[in-house]
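# Structural features, examined
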Amino acid sequence: MKAIGIVGSPRKNGNTEILTRHALEAIAEGGPDTELITRAGSSYWNIAFGGEKGQVREDEEGLGWGLELRQEWAHLVKKVGS
């Protein structure tokens, strides 16, 4: 068995990462392998604008950040699957 902690915070060594590392250390004391996956440094903009149905397609910046987010998640899914 392996316990995996995933941190999505953009702040490297921030509070979320510190707490997740702490939890993984406690889990590891019980025997299971642990792994920390962090995406610190990601800077995607998680908002796209559009008030009417389909209007979001006009927000090129928002769609671009959406593509970056999709790539980040694909990386995480691949990492967890290995």
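Please refer to the structure higher up on the page.
Summary of the structure given here. Being a predicted model, the structure only gives us computed values, none of them experimental.

## Comments concerning helix H2 (residues 60-81)
With 22 residues, H2 extends 32 Å from end C-alpha to end C-alpha; this agrees with the ideal 32 Å at 1.5 Å per step. The inward-facing, buried residues of H2 contact strand S1 (2-7) and strand S2 (33-38).

## Quick word on the pairing of S2
For S1 and S2, the ladder comprises six bridges, and the chain directions are parallel. When the bridges of S2 are listed, isoleucine 4 appears paired with glutamate 35. Where the polypeptide runs from S1 across helix H1 (residues 15-29) and back to S2, its parallel neighbour, the crossover connection is right-handed.

## Concerning a nonpolar patch on the surface
Side chains of Ile4, Ile6 and Val80 sit close together on the surface and give an oily, nonpolar patch of about 220 Å² of accessible area. Relative accessible area serves as the criterion here: at 34%, isoleucine 4 is assigned to the partly exposed category.

## Observations concerning the pattern of salt bridges
Evaluation of the coordinates by the stated rule reveals two salt bridges. Between glutamate 35 and lysine 2 there is a salt bridge, with the nearest N and O atoms lying 2.9 Å from each other. Linking glutamate 35 in strand S2 with lysine 2 in strand S1, this pair joins segments that are 33 residues apart in sequence. Assessed through its relative accessible area of 46%, lysine 2 is described here as partly exposed.

Parameters and conventions
- Residues numbered from 1 in each chain as written.
- Predicted model: local features only at pLDDT ≥ 70, side-chain atom pairs only at ≥ 80, totals over all residues.
- Heavy atoms only, no water.
- Helix = DSSP H or I, 4+ residues; strand = E, 2+ residues; numbered from the N terminus.
- Expected span 1.5 Å × (residues − 1).
- Contact = heavy atoms within 4.5 Å.
- Pairing = 2+ DSSP bridges.
- Right-handed = clockwise from strand over helix to strand, strands pointing away.
- Patch = residues over 30% accessible without salt bridge, like charges linked within 9 Å, V, L, I, M, F, W, Y side chains within 5 Å.
- Areas by Shrake-Rupley, 256 points an atom, 1.4 Å probe, with all protein chains shown as cover.
- Salt bridge = Lys/Arg side-chain N within 4 Å of Asp/Glu carboxyl O.
- Buried < 20%, exposed > 50% of the residue type's maximum accessible area, 1.4 Å probe, protein only.

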